[in-house]
Amino acid sequence: MSSIPSSVFVPADWRDFLALTKPRVMTLVVFTGLCGMLAAPVGVDPVIGFTAILCIALGAGAAGALNQWYEADLDALMKRTAKRPLPAGRMTRESALHFGVGLACFSVLLMGLAVNYVAAGILTVSILFYVLVYTVWLKRRTPQNIVIGGAAGAFPPLIGWAAATGEIALLPFLLFSLVFLWTPPHFWALALFVKTDYANAGVPMLPVVAGERVTRAQIGLYTIPMAIAAVAPWPLGLTGPIYGVIATAGTALFAAYAAIVAFRHTQPEDLMKPEKRLFKYSILYLFLLFGALVVDRWA
Amino acid sequence: MTPDDSNRIRAKQRARATAMALLLGFLVVLIFFITLSKIRSGMH
């Protein structure tokens, strides 16, 4: 494709549209949404359940596409994102915008008509929150961008639960809080080892603006309420011992990794291994806890 | 535009059209089953 002269209009490949939806991020979104639905105390018709998860995935994909549409200039400046369809010039911005808006409207409409309007309403809020509050408003303005913006990624378990029950309860609210409070340590661990990338792009991530020491301290601080939100469903009687034991052990390990990151200093030629370990484990941690929640509910 | 360019663009358009056809086919099947589910549950 690179051999085609730039004067020739080349339509974007379907794979580029797929890449626009950030499929890897979608995996976690779909998983937490599915677990939120399976943890609900009522059974769901398999077709309606499948449709709800599909809508969550499409909504997340739409938000990802609109994020990439808005941030094409930033993505071009960062090594990690420079090969995405827009900065690489494989797609026009207009195509990305139409695709994102179309997918967002379709996902919400399908959720409302096939599942229920409570789930559709929360899905709408989550898409708008990610695109308008996080991408447009916060990301380039404040180092607290991912703290508030993290709420966008915390909606799927709430949507999954609402899809099954048609309402919101304390357990999905705690799951929302868990993902919301998990996001800062997760992203700041990443930001510590890709700091140069963010600095080059002018994104005010905490390590760029406030320095590493403050970032490390904030990772430690946010881990405390996150640990409480993770373990709380057990003593509150909302889950059984399977979730309780796994959540306690998994959270203890998370806290240990976070403490190592919080109390260390970067050395010259530092490979940032503890930060990379915390980042990788934080993903596994979320899968582990949500998986345990479902096992606990169905065991 | 060379014939080679034209062929590549055609191939890309064909791939997109196939992907869109598969997607629409999937949606038809999905909406059919959603309708059956709604009928079964008495449209609650």
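The shown structure was predicted, so the numbers you read here are calculated from the model rather than taken from an experiment. (Residues numbered from 1 in each chain as written. Chains lettered and ligands numbered in written order. Predicted model: local features only at pLDDT ≥ 70, side-chain atom pairs only at ≥ 80, totals over all residues. Heavy atoms only, no water.)

A count of helices and strands for chain A gives 13 helices and zero strands. From first element to last, N terminus to C terminus, chain A shows the α and β order α-α-α-α-α-α-α-α-α-α-α-α-α. The C-alpha atoms of chain A give 20 Å as radius of gyration, which agrees with the globular expectation for 299 residues (19 Å, within 12%). Taken along its principal axes, the extent of the C-alpha atoms in chain A is 65 × 55 × 30 Å. Relative to its 299 residues, chain A shows a buried fraction of 55%. Long-range pairs, those at least 24 residues apart, make up 72% of the contacts in chain A with a sequence separation of at least 6. When the accessible surface of chain A is totalled, it reaches about 13,100 Å², and 70% of it is carbon and sulfur. Distance between charge centroids for chain A: 6 Å, based on 21 positive and 14 negative side chains. (Helix = DSSP H or I, 4+ residues; strand = E, 2+ residues; numbered from the N terminus. Rg over C-alpha atoms; globule rule 2.2 N^0.38 Å. Buried < 20%, exposed > 50% of the residue type's maximum accessible area, 1.4 Å probe, protein only. Contact = heavy atoms within 4.5 Å. Areas by Shrake-Rupley, 256 points an atom, 1.4 Å probe, with all protein chains shown as cover. Lys, Arg positive; Asp, Glu negative; His and termini not counted. Charge placed at Lys NZ, Arg CZ, Asp CG, Glu CD.)

Another point: the environment of Gly36 of chain A. Residues and elements named next belong to chain A. With respect to the secondary-structure elements, Gly36 resides in helix α2 (residues 23–38). Here Gly36 falls in the buried class, since its relative accessible area comes to 0%. In this structure, the C-alpha to C-alpha distance between Gly36 and Leu175, residues 139 residues apart in sequence, is 8.0 Å. Not counting the four nearest positions on each side in its chain, Gly36 is found in contact with Pro157, Gly160 and Trp161.

Our focus in this paragraph is the packing of aromatic side chains. All names here are of chain A. What the rule picks out here adds up to 16 aromatic pairs over all chains. With 5.6 Å between their ring centres and 70° between their planes, Trp188 and Tyr222 make a pair best called edge-to-face. One end of the pair, Trp188, is in helix α8 (residues 170–193); the other, Tyr222, is in helix α11 (residues 212–231), and 34 residues separate them in sequence. Taken individually, Trp188 and Tyr222 each receive the classification buried, so the pair is uniform in this respect. (Phe/Tyr/Trp six-rings, centres within 6.5 Å; stacked < 30°, edge-to-face > 60°.)

Time to look at the UniProt feature "transmembrane region" (unreviewed entry) in chain B. Look at the UniProt record and you will see "transmembrane region" (unreviewed entry) annotated at residues 21–39 of chain B. Taken end to end, residues 21–39 of chain B has its terminal C-alpha atoms 27 Å apart, with 100% of it in helix and 0% in strand. (UniProt positions renumbered as here; feature names shortened; annotations may be inferred.)

All right, on to the nonpolar core then. Residues and elements named next belong to chain A. Ranked by internal contacts, the top residues of the largest apolar core, which has 89 residues, are Met111, Leu178, Trp188 and Tyr285. Beyond its immediate stretch of four places on either side in the chain, Tyr285 contacts Leu178, Trp182, Met226, Ala230, Gly250, Thr251 and Phe254. In terms of nonpolar packing, the next biggest core, distinct from the first, is built from eight residues, Ala12, Ala65, Met91 and Ala96 among them. (Core = buried A, V, L, I, M, F, W, Y, C linked by side-chain atoms within 4.5 Å.)

Time to look at the domain arrangement of chain A. Residue and element names in this part refer to chain A. Domain boundaries in chain A define domain 1 (14–167) and domain 2 (169–299). When each unit is reduced to the centre of its C-alpha atoms, the spacing between domain 1 and domain 2 is 21 Å. Contacts between domain 1 and domain 2 engage 34 residues on the former and 31 residues on the latter. The three residues of domain 1 that bury the most area against domain 2 are Leu28, Pro143 and Ile146, which together make up 19% of that side's buried surface. Along the contact surface separating domain 1 from domain 2 lie zero salt bridges. Our enumeration of links across domain 1 and domain 2 arrives at two residue pairs in polar contact (both at pLDDT 80 or more). Of all the secondary structure elements, the ones that give two or more residues to the side of domain 1 that touches domain 2 are α2, α4 (72–77) and α7 (145–165). Residues of the side of domain 1 that touches domain 2, tallied by class, amount to 21 nonpolar, seven polar and six charged. (Domains from an automatic or database assignment. Buried area = accessible area lost by both parts, 1.4 Å probe. Salt bridge = Lys/Arg side-chain N within 4 Å of Asp/Glu carboxyl O. Polar contact = N/O pair within 3.5 Å; in protein donor to acceptor, adjacent residues only side chain to side chain. Nonpolar A, V, L, I, M, F, W, Y, C, P; charged D, E, K, R; others polar.)

On to a nonpolar patch on the surface. On the surface, a nonpolar cluster with roughly 470 Å² of combined accessible area is contributed by Val29, Phe32, Phe33, Leu36 and Ile39 of chain B. Tracing the backbone through its elements, the reader meets Val29 of chain B in helix α1 (residues 3–40). (Patch = residues over 30% accessible without salt bridge, like charges linked within 9 Å, V, L, I, M, F, W, Y side chains within 5 Å.)

Right, let's talk about the packing of helix α5 (residues 93–115) of chain A against helix α6 (residues 117–138) of chain A for a bit. Residue and element names in this part refer to chain A. One can describe the packing of α5 onto α6 by two numbers: an axis separation of 7 Å at closest approach and a directional angle of 160°. Classified by the angle their axes make, α5 and α6 are roughly antiparallel. Considering only the axes of α5 and α6, their crossing is right-handed. Facing α5, whose interface residues are Ala104, Ser107, Val108, Met111, Gly112 and Leu113, α6 presents Tyr117, Ala119, Ala120, Leu123, Thr124 and Ile127. Its residues assigned to classes, the contact of α5 with α6 shows nine nonpolar, three polar and no charged. (Axes fitted to C-alpha atoms, helices over the stretch in contact; angles between N-to-C directions. Parallel < 35°, antiparallel > 145°, perpendicular 65-115°, else oblique. Left-handed = near helix turned anticlockwise from the far one by under 90°.)

Let us now look at the side chain of Glu71 of chain A. All names here are of chain A. Counting through the fold element by element, Glu71 comes out in the loop between α3 (46–70) and α4. You can call Glu71 buried: its relative accessible area is 2%. With residues near it in sequence (within four places) discarded, Glu71 still touches Thr135, Lys139 and Arg140.

Here the focus is the UniProt feature "transmembrane region" (unreviewed entry) in chain A. Residues and elements named next belong to chain A. When the UniProt feature table is mapped onto this chain numbering, "transmembrane region" (unreviewed entry) sits at residues 25–44, 50–70, 91–111, 117–137, 158–181, 219–236, 242–266 and 278–295. Split by type, residues 25–44 is 70% helix and 0% strand. Its first and last C-alpha atoms lie 25 Å apart. Here residues 242–266 is 88% helix and 0% strand, with 38 Å between the C-alpha atoms at its ends.

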